[in-house]
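# Commentary on secondary and tertiary structure
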Amino acid sequence: MKIEIKINSDTLIACNEVLQQLYASGVPPTEGGKLVKSLALDVADKLDAKAKTLIKKATLFDNKKKHKVTLKYHEAWGLYRTLCLQVEQIKNIYKITLINAMIGVLNQKLS
């Protein structure tokens, strides 16, 4: 089962920054935490490639254009759980708003 999400450049890059922080974090103590981190790292690779492509094409500031990202159900679930946990550590209000919007989109798609 695949889930398609359409997000703008700013949201994609904000999610990518949150997921890139996972590489520096340690190994979670619980089995569930390890599962979520593993799924999130797979999604991080996918979003990182998409973000780098956007930067290379210089469409970074085209906020009205939506970019389609297709995730498998378990990848979307891992992204949702990770963003829910990591949003508390973000200091920038604009990024918090973008991440919360992404959490809402994922919640609708997963329901």
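See the structure above.
Let me begin by describing the structure that accompanies this report.

About the criteria used
Residues numbered from 1 in each chain as written. Predicted model: local features only at pLDDT ≥ 70, side-chain atom pairs only at ≥ 80, totals over all residues. Heavy atoms only, no water. Core = buried A, V, L, I, M, F, W, Y, C linked by side-chain atoms within 4.5 Å. Buried < 20%, exposed > 50% of the residue type's maximum accessible area, 1.4 Å probe, protein only. Helix = DSSP H or I, 4+ residues; strand = E, 2+ residues; numbered from the N terminus. Contact = heavy atoms within 4.5 Å. Axes fitted to C-alpha atoms, helices over the stretch in contact; angles between N-to-C directions. Parallel < 35°, antiparallel > 145°, perpendicular 65-115°, else oblique. Nonpolar A, V, L, I, M, F, W, Y, C, P; charged D, E, K, R; others polar. Patch = residues over 30% accessible without salt bridge, like charges linked within 9 Å, V, L, I, M, F, W, Y side chains within 5 Å. Areas by Shrake-Rupley, 256 points an atom, 1.4 Å probe, with all protein chains shown as cover. Salt bridge = Lys/Arg side-chain N within 4 Å of Asp/Glu carboxyl O. Expected span 1.5 Å × (residues − 1).

## Quick word on the nonpolar core
Leu-19, Leu-47, Leu-79, Leu-83, Ile-99, Met-102 and Leu-106 are the most contacted members of the largest nonpolar core, which totals 28 residues. For this core, the secondary structure elements donating two or more residues are strand S1 (2-7), helix H1 (9-20), helix H2 (31-57), strand S2 (67-72), helix H3 (73-86) and helix H4 (93-110). Look past the residues within four positions of Leu-47 in its chain and what remains in contact with it is Leu-12, Cys-15, Asn-16, Leu-19, Val-69 and Leu-79.

## Focus: the packing of H1 against H3
Remark: H1 packs on H3, axes separated minimally by 10 Å, with the N-to-C direction vectors making an angle of 80°. Comparing their axes, H3 and H1 come out roughly perpendicular. Of the residues in H3, those touching H1 at Cys-15, Val-18 and Leu-19 are Leu-79, Thr-82, Leu-83 and Gln-86. In terms of residue class, the contact of H1 with H3 is built from 5 nonpolar, 2 polar and no charged.

## Considering a nonpolar patch on the surface
Taken together, Met-1, Leu-35, Tyr-73 and Trp-77 make up a surface patch of nonpolar side chains, about 430 Å² in accessible area. As for its placement among the helices and strands, Leu-35 is situated in helix H2. With relative accessibility at 47%, the residue Leu-35 sits in the partly exposed group.

## Remarks on H1
Here H1 contains 12 residues, and its C-alpha end-to-end distance of 16 Å stays within 8% of the 16 Å for a straight helix at 1.5 Å per residue. Within H1, 10 of the 12 residues are buried, which leaves it mostly tucked inside the rest of the structure. Within H1, burial applies to Ser-9, Asp-10, Thr-11, Leu-12, Ile-13, Ala-14, Cys-15, Asn-16, Val-18 and Leu-19. Contacts made by the buried residues of H1 are with S1, H2, S2, H3 and H4.

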